[in-house]
Amino acid sequence: NCIAINNAQSLIETMAAHQLRSRSNRAIIFYPNSGEEWDPIHEQWREGSGCTSPERFASEIVLCIRKIYDICTREGRNAGVIPILVGGCCRTSPETIAAIRRLVDEFLLSIKI
């Protein structure tokens, strides 16, 4: 699941819609990478080529979660709930995970869950 964070939203939207249509109770698990590009010639990451700010990365994760929430609520009460597990893969850090936790908590409080 190590996809670039900038590709996550459209993928998550497709997965959530499929989960609801199929009435699956499987969780959506996603842990995107920062989106930075690997330079194979110099064998290093191209600094600044992706989402390197922990807060910005976490905001993108919360946008994905909001998409799932919006899809579920748009489908109505009988649509069910989709379990979600999130994290970060390549080029994320403990600071990134802490930012995700903080912003997810804020989102959950905002929707009163």
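Look above for the structure.
Everything numeric here is computed off the predicted structure, so don't read it as measured data.

A. Representation of the nonpolar core in the model. If you look at the biggest cluster of nonpolar residues, it comprises 24 residues, and the most contacted ones within it are Ile28, Phe30, Ile61, Ile68 and Ile82. If you list the elements that add at least two residues to this core, you get helix H1 (5-22), strand E1 (28-30), helix H2 (54-74) and helix H3 (94-110). A per-element tally of this core places H2 first, with 9 residues. Ignoring anything within four residues of it in the chain, the contact list for Ile68 reads Ile12, Ala16, Ile28, Ile82 and Ile84.

B. H1, seen in detail. Across its 18 residues, H1 extends 26 Å between first and last C-alpha, which sits within 8% of the 26 Å expected from 1.5 Å per residue. Of all the bends in H1, the greatest, near 25°, is centred on Leu11. Those residues of H1 hidden inside the fold are in contact with E1 and H2. A positive phi of about 60° marks Arg23, the residue just after H1.

What counts, and where the lines are drawn
Residues numbered from 1 in each chain as written. Predicted model: local features only at pLDDT ≥ 70, side-chain atom pairs only at ≥ 80, totals over all residues. Heavy atoms only, no water. Core = buried A, V, L, I, M, F, W, Y, C linked by side-chain atoms within 4.5 Å. Buried < 20%, exposed > 50% of the residue type's maximum accessible area, 1.4 Å probe, protein only. Helix = DSSP H or I, 4+ residues; strand = E, 2+ residues; numbered from the N terminus. Contact = heavy atoms within 4.5 Å. Expected span 1.5 Å × (residues − 1). Bend = angle between axes of the 7 residues up to and from the residue.

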